[in-house]
Amino acid sequence: RSRKGSDEFKKVKVEVSGKNGCTIETFHLEKNPKVSVEFEIKLPEFVRLSDVTSSNGLVRITDVKGDAELETSNGNIEVFDHIGNIDADTGNGRVELVNVKGKVTANTNNGKIRLYKTSSIVSATTSNGKIEAQISELENDTEIRTSNGSVTLDISPDLNADIKARTSNSKIVLNNLEVITDSFSNDSLEGRLGSGGKKINIRTSNGKIILNNLHKATL
């Protein structure tokens, strides 16, 4: 697409090659072309999306099976109905992963993170934005961290996990979730769910930490 006319199209090239299986790339033939290129790609099952990168735009993955590494500098990342591990990284945008069966890593500098029906969260980190997530099972230690935003977690009461939470300028709220506490104050909590186990570490500087019973909450 270009608002400057079709002559701008000569300044970019889209190339498809067999490199590393299949590689699809956009090349700028001249400096700062006034052209945007959008890809819509249909894939067979179990294709590994080894590297999906966009400088200025949305990355959306729907109904794909296989591990995926997703990155954009200025745009949102959205993944729906996916089987496989996801590594999602954006500089300025929102990350939303819904119904992902695999290990999930989500990172953004300026945006919200929402993880819904994800089977295994490795980490979710943002500098400026809130984090909302469900934790229904725990295959590994989990790191949840934001500097300027609230954290809302809907946690299965059936989990066995160690939990540590801290906020600097707000408070921690428990809603219908039973936690055996070693220490608990307005802004700090350390304890365990069930008999303990894998670690859930939660940290925010400016925002509430809200821990809900997954069975009694809707994200």
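Heads up: these notes are all about the structure in this document. Everything numeric in this text was worked out from a predicted model, so none of it was measured.

### So, the overall build of the protein
- A count of helical and extended segments in the protein gives zero helices and 18 strands.
- Every one of the 219 residues in the protein was classed for burial, and the buried ones make up 40%.
- Element-wise, carbon and sulfur atoms account for 42% of the exposed surface of the protein, whose accessible area totals about 12000 Å².
- Of the side-chain charges in the protein, 30 are positive and 30 negative, and the distance between the mean point of each set is 5 Å.

### As for the pairing of strand β11 (residues 142-148)
- In this sheet, β11 lies alongside strand β9 (residues 113-128) in parallel orientation, the contact comprising five bridges. Counted as the bridge partner of Ala124 is Ile144 from β11.
- Both β11 and strand β17 (residues 198-204) contribute to a ladder of five bridges, which runs parallel. Across the sheet, the residue bridging to Arg145 is Arg203, located in β17.

### Examining the environment of Ile61
- With respect to the helices and strands, the residue Ile61 is situated in strand β4 (residues 59-62).
- Take Ile61: its relative accessible area is 10%, and that puts it in the buried class.
- Sequence separation of Ile61 and Ile77 is 16 residues, and the distance between their C-alpha atoms is 8.3 Å.

### Observations concerning the environment of Ser185
- In this structure, Ser185 sits in the loop between β15 (180-184) and β16 (188-193).
- Looking at Ser185, its side chain comes within polar contact range of the side chain of Asp187, at 3.2 Å.

### Notes on the nonpolar core
- Formed by 40 residues in total, the largest nonpolar core has its most connected members in Ile86, Leu115, Leu153, Ile155 and Ile202.
- It is strand β8 (residues 95-108) that contributes the most residues to this core, five residues altogether.

### A closer look at the pairing of strand β18 (residues 209-213)
- In terms of burial, β18 is a largely internal element, four of the five residues being buried.
- Note that strand β12 (residues 151-155) and β18 share five bridges and pair parallel. Residue pairing across strands places Val151 opposite Ile209, the latter belonging to β18.
- Here four bridges tie strand β14 (residues 172-175) to β18, and the two strands are oriented parallel to one another. Counted as the bridge partner of Ile172 is Ile209 from β18.

### Considerations on the side chain of Asn213
- Mapped onto the secondary structure, Asn213 falls in strand β18.
- A polar atom in the side chain of Asn213 sits 2.9 Å from the backbone nitrogen of His215.

Parameters and conventions
- Residues numbered from 1 in each chain as written.
- Predicted model: local features only at pLDDT ≥ 70, side-chain atom pairs only at ≥ 80, totals over all residues.
- Heavy atoms only, no water.
- Helix = DSSP H or I, 4+ residues; strand = E, 2+ residues; numbered from the N terminus.
- Buried < 20%, exposed > 50% of the residue type's maximum accessible area, 1.4 Å probe, protein only.
- Areas by Shrake-Rupley, 256 points an atom, 1.4 Å probe, with all protein chains shown as cover.
- Lys, Arg positive; Asp, Glu negative; His and termini not counted.
- Charge placed at Lys NZ, Arg CZ, Asp CG, Glu CD.
- Pairing = 2+ DSSP bridges.
- Polar contact = N/O pair within 3.5 Å; in protein donor to acceptor, adjacent residues only side chain to side chain.
- Core = buried A, V, L, I, M, F, W, Y, C linked by side-chain atoms within 4.5 Å.

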